[in-house]
Amino acid sequence: MVNSVVYKDTDLVLSVESVSKSFDGFKAINDLNFYLGEGELRTIIGPNGAGKSTFMDLITGRTRPDEGTVTFHQDDGHDLDLTKLREYQINRLGISRKFQTPSVYQDHSVYDNIVLSLNHGRGVWQSLLYKESAADKEAIEEVLETVRLQDLCNERAGLLSHGQKQWLEIGMLLAQKPRILLVDEPAAGMSDEETERTGELLLSLEGKHSIMVIEHDMEFIRQIARKVTVLHQGHVLKEGKFLEVANDPTVKEVYLGRQKHD
Ligand code: ADP
Ligand code: MG
């Protein structure tokens, strides 16, 4: 493990520099440079195949880059190159990912799902037999309130709607107090009302966690947009405020999938 001691002089939590990744000669990520600030809520858009999910894979250690560095700026001022670490090690550092499909313990209650997540590492039964401390209980209540599932805490998770399951899973990740939360297309398959509530949830996390949200739904992006990054052919095409990005002719061209002749 490379563990260089560099004291940061910025409030960045993640720096991705000169990262490239090819699959069978095809450059899915091409000289990508990207910086995420502490407590920032960043949205990432881009057409299908732009490399968005691969980008998340490179941060979480699911895929290793061919070139470049992914630097995690830790709380204590130590920098870590994540490209040298394994997926579980990166997860333990507090970098959590929410995949597109919800994965909750269907047969357990909403409350117990959070308990299980808090006790990450213990077995399911061991974890459910474990008596939560008052502090644990408080943390669980707080998470349930954040994801607005307090009223459903005794409900079996399998009976929740698709949107509620997504919120529960976000809650399960929040229980682990991640420093960086990566969320891949959370609004996919949600009703308009659920989508809006998801936006409110993500906005409420701003400042508490550093969050990256990949999304296709432009209305949703408009709702939660702070700084928006447009990815195209594995490279940052444009970064800026929602309207700057949405009104950019090149972005319109690639995002709407129009033919472009170079
Ligand atoms: P997005 O999430 O923006 O739709 P992806 O990151 O999923 O894009 O994919 C970017 C490109 O990389 C696509 O052309 C995809 O086929 C390719 N790709 C991604 N992962 C792999 C892989 N494991 N093996 C081969 N090709 C891949
Ligand atoms: Mg994708």
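Residues numbered from 1 in each chain as written. Chains lettered and ligands numbered in written order. Predicted model: local features only at pLDDT ≥ 70, side-chain atom pairs only at ≥ 80, totals over all residues. Heavy atoms only, no water.

The name recorded for the protein in an unreviewed UniProt entry is Urea ABC transporter ATP-binding protein UrtD, from Persicirhabdus sediminis.

As for its position among the elements, valine 19 is in strand β1 (residues 12-23). Since its relative accessible area comes to 1%, valine 19 is described here as buried. Ignoring any residue separated from it by four or fewer positions in sequence, one finds valine 19 in contact with Ile29, Asn30, Asp31, Leu32, Leu58, Pro65, Glu67, Gly68, Thr69 and Val70. (Helix = DSSP H or I, 4+ residues; strand = E, 2+ residues; numbered from the N terminus. Buried < 20%, exposed > 50% of the residue type's maximum accessible area, 1.4 Å probe, protein only. Contact = heavy atoms within 4.5 Å.)

Around ligand 1 lies a shell formed by Phe23, Phe26, Ala28, Pro47, Asn48, Gly49, Ala50, Gly51, Lys52, Ser53 and Thr54. Within the backbone of glycine 49, one N or O atom sits 2.8 Å away from an oxygen atom of ligand 1. One of the backbone nitrogen or oxygen atoms of serine 53 is found 2.9 Å away from an oxygen atom of ligand 1. Within the complex, 59% of the 560 Å² of free accessible area of ligand 1 lies under protein. Mapped by element, the contributors of at least two residues to the shell around ligand 1 are β2 (26-37) and α1 (52-60). Per element, the largest residue contribution to the shell around ligand 1 is 3 residues, and it comes from α1. (Near = heavy atom within 4 Å. Polar contact = N/O pair within 3.5 Å; in protein donor to acceptor, adjacent residues only side chain to side chain. Areas by Shrake-Rupley, 256 points an atom, 1.4 Å probe, with all protein chains shown as cover.)

Tallying each qualifying case throughout the model produces 14 salt bridges. We note a salt bridge from arginine 179 to glutamate 38, for which the minimum N-O separation is 2.5 Å. Taken together, the residues arginine 179 in the loop between α6 (162-175) and β7 (180-184) and glutamate 38 in the loop between β2 and β3 (41-45) connect sequence positions 141 residues apart. Of the charged contacts in the structure, one is a salt bridge between glutamate 169 and lysine 98, with a shortest N-O distance of 2.9 Å. With glutamate 169 in helix α6 and lysine 98 in strand β6 (residues 95-98), the pair connects residues that are 71 residues apart, well separated along the chain. Taking relative accessible area as the criterion, glutamate 169 reaches 9% and is therefore assigned buried. By relative accessible area, lysine 98 is classed as buried at 1%. (Salt bridge = Lys/Arg side-chain N within 4 Å of Asp/Glu carboxyl O.)

Turning our attention to the packing of helix α3 (residues 110-118) against α6. Contact geometry for α3 and α6: axes closest at 8 Å, N-to-C directions at 35°. Judged by the twist between their axes, the crossing of α3 over α6 is right-handed. Across the interface between the two elements, Val110, Asn113, Ile114, Ser117 and Leu118 from α3 touch Leu168, Gly171, Met172, Leu173 and Ala175 from α6. Of the residues that constitute the contact of α3 with α6, the class distribution is 7 nonpolar, 3 polar and no charged. (Axes fitted to C-alpha atoms, helices over the stretch in contact; angles between N-to-C directions. Left-handed = near helix turned anticlockwise from the far one by under 90°. Nonpolar A, V, L, I, M, F, W, Y, C, P; charged D, E, K, R; others polar.)

The next subject is the packing of α6 against helix α7 (residues 192-205). Where α6 contacts α7, the axes come no closer than 10 Å and their chain directions differ by 15°. As summarised for this structure, α6 and α7 are arranged roughly parallel, according to the angle between their axes. In the crossing of α6 with α7, the sense of the turn from one axis to the other is right-handed. The segment α6 lies against α7, with Gly163, Gln164, Trp167, Ile170 and Leu174 engaging Glu194, Arg197, Thr198, Leu201 and Leu205. A breakdown of the residues in the contact of α6 with α7 according to their chemical character gives 5 nonpolar, 3 polar and 2 charged. (Parallel < 35°, antiparallel > 145°, perpendicular 65-115°, else oblique.)

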